[in-house]
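Below are the chains, spelled out letter by letter.
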Amino acid sequence: MDAGPLYAYVDADDRHHHACHHLLTTHPGPLVVPTLVITEVVHLIASRLGAGPEVRFLGDLAAGAFVVEPVRPADWLRIAELVARYRDLRLGTVDASVVVTTERLRLRSLATLDHRHFGVIRPAHTPALRLLP
């Protein structure tokens, strides 16, 4: 999962809230979230919505609603490679970590609202990712 659907799931006023809430509550799982994405999501929630929604999201993490996937030592070189390869897109470390996680776990679907980046990126394990919702 990328940050966009997680943020939209929390923010009831977000235009993608209903689609993302439906995806997150009905997807058979697992819902894998790279650690760096969590940092991005909690920053967005805290700065835009405040501490209450941030605490609720942290509660979802504590309850096991998502599988938190760490960045492994070998991932950092691949993240750097992707950031360099897609420098014209301004693909950052967090988005590159999402791609690396899909590659390492051989996932073919990605929950994201960022079709500009993820629609162009070609992961090593599949010609393209199926973008949800």
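Please read these numbers as outputs of a predicted model, since none were measured by experiment.

> Provide a residue-level description of the pattern of salt bridges, including the pertinent values.
Per the counting criterion, the structure on display carries 6 salt bridges. Several salt bridges share partner residues, and in doing so they unite E69, R72, D75 and R104 into one network.

> Residue-level account of the nonpolar core, with values.
Ranked by internal contacts, the top residues of the largest apolar core, which has 34 residues, are M1, L6, L24, F57 and F66. Put simply, the parts of the chain that give this core at least two residues each are α1 (3-10), α2 (17-26), α3 (35-48), α4 (51-62), α5 (75-85), α6 (93-105), β3 (109-111) and β4 (130-132). At 6 residues, the largest contribution of residues to this core is made by α3. If we skip the residues at most four places from it in the chain, L6 touches M1, L24, V33, V37, V41, F57 and F66.

> Any chance you could break down the environment of V55 for me, citing the residues and the numbers?
For V55, the position within the fold is in helix α4. Put simply, V55 and V98 are 43 residues apart on the chain and 23 Å apart in space, counted from C-alpha to C-alpha.

> Which residues make up the side chain of D11, and what values do they have?
For D11, the location among the structural elements is in the loop between α1 and α2. R48 provides the closest opposite charge to the buried, unpaired D11, separated from it by 6.4 Å. Looking at D11, its side chain comes within polar contact range of the side chain of Y7, at 2.9 Å. There is a polar contact of 2.9 Å between the side chain of D11 and the backbone nitrogen of D13. Look past the residues within four positions of D11 in its chain and what remains in contact with it is H17 and L49.

> Which residues make up the packing of α1 against α3, and what values go with them?
At a closest axis distance of 9 Å, the pairing of α1 and α3 adopts a crossing angle of 35 degrees. Classified by chirality, the crossing of α3 by α1 is right-handed. Contact residues: A3, L6, Y7 and V10 in α1; V37, E40, V41, L44, I45 and R48 in α3.

> Break down the packing of aromatic side chains for me, citing the residues and quoting the values.
As enumerated under the stated definition, the model contains 2 aromatic pairs in all. With centroids separated by 6.5 Å and ring planes inclined at 85 degrees, the aromatic side chains of Y9 and F66 adopt a geometry described as edge-to-face. Within this pair, whereas Y9 is found in helix α1, its partner F66 is found in the loop between α4 and β2 (67-69), the two being separated by 57 residues in sequence. Taken as a pair, Y9 and F66 share a single burial class, namely buried. Taking the centre distance of 6.0 Å and the plane angle of 40 degrees together, the rings of F57 and F66 count as tilted. There is no split in this pair, since F57 and F66 are both buried.

> Mind laying out α2, listing which residues take part and the relevant values?
Structurally, the α-helix is built with 3.6 residues per turn, so residues lying three or four positions apart point the same way. Among all positions of α2, only H17, C20, L23 and L24 are buried. Buried residues of α2 fall within an arc of 135 degrees about the axis and therefore sit on the same side. With respect to the buried face of α2, the exposed residues turned more than 90 degrees away are H18 and H22. Where α2 is buried, its residues touch α1, β3 and β4.

> Can you explain the packing of α3 against α6? Please cite residues and give values.
Interaxial distance between α3 and α6 falls to 8 Å at its minimum, and their mutual angle equals 140 degrees. Between α3 and α6, the crossing angle belongs to the class labelled oblique. Regarding α3 and α6, the two cross each other, and that crossing is left-handed. Together, L36, V37 and E40 of α3 and T93, V94, S97 and V98 of α6 make up the contact between the two elements. Residues that form the contact of α3 with α6 fall into these classes: 4 nonpolar, 2 polar and 1 charged.

Rules used throughout
Residues numbered from 1 in each chain as written. Predicted model: local features only at pLDDT ≥ 70, side-chain atom pairs only at ≥ 80, totals over all residues. Heavy atoms only, no water. Salt bridge = Lys/Arg side-chain N within 4 Å of Asp/Glu carboxyl O. Core = buried A, V, L, I, M, F, W, Y, C linked by side-chain atoms within 4.5 Å. Buried < 20%, exposed > 50% of the residue type's maximum accessible area, 1.4 Å probe, protein only. Helix = DSSP H or I, 4+ residues; strand = E, 2+ residues; numbered from the N terminus. Contact = heavy atoms within 4.5 Å. Lys, Arg positive; Asp, Glu negative; His and termini not counted. Polar contact = N/O pair within 3.5 Å; in protein donor to acceptor, adjacent residues only side chain to side chain. Axes fitted to C-alpha atoms, helices over the stretch in contact; angles between N-to-C directions. Left-handed = near helix turned anticlockwise from the far one by under 90°. Phe/Tyr/Trp six-rings, centres within 6.5 Å; stacked < 30°, edge-to-face > 60°. Arc of directions from axis to C-beta. Parallel < 35°, antiparallel > 145°, perpendicular 65-115°, else oblique. Nonpolar A, V, L, I, M, F, W, Y, C, P; charged D, E, K, R; others polar.

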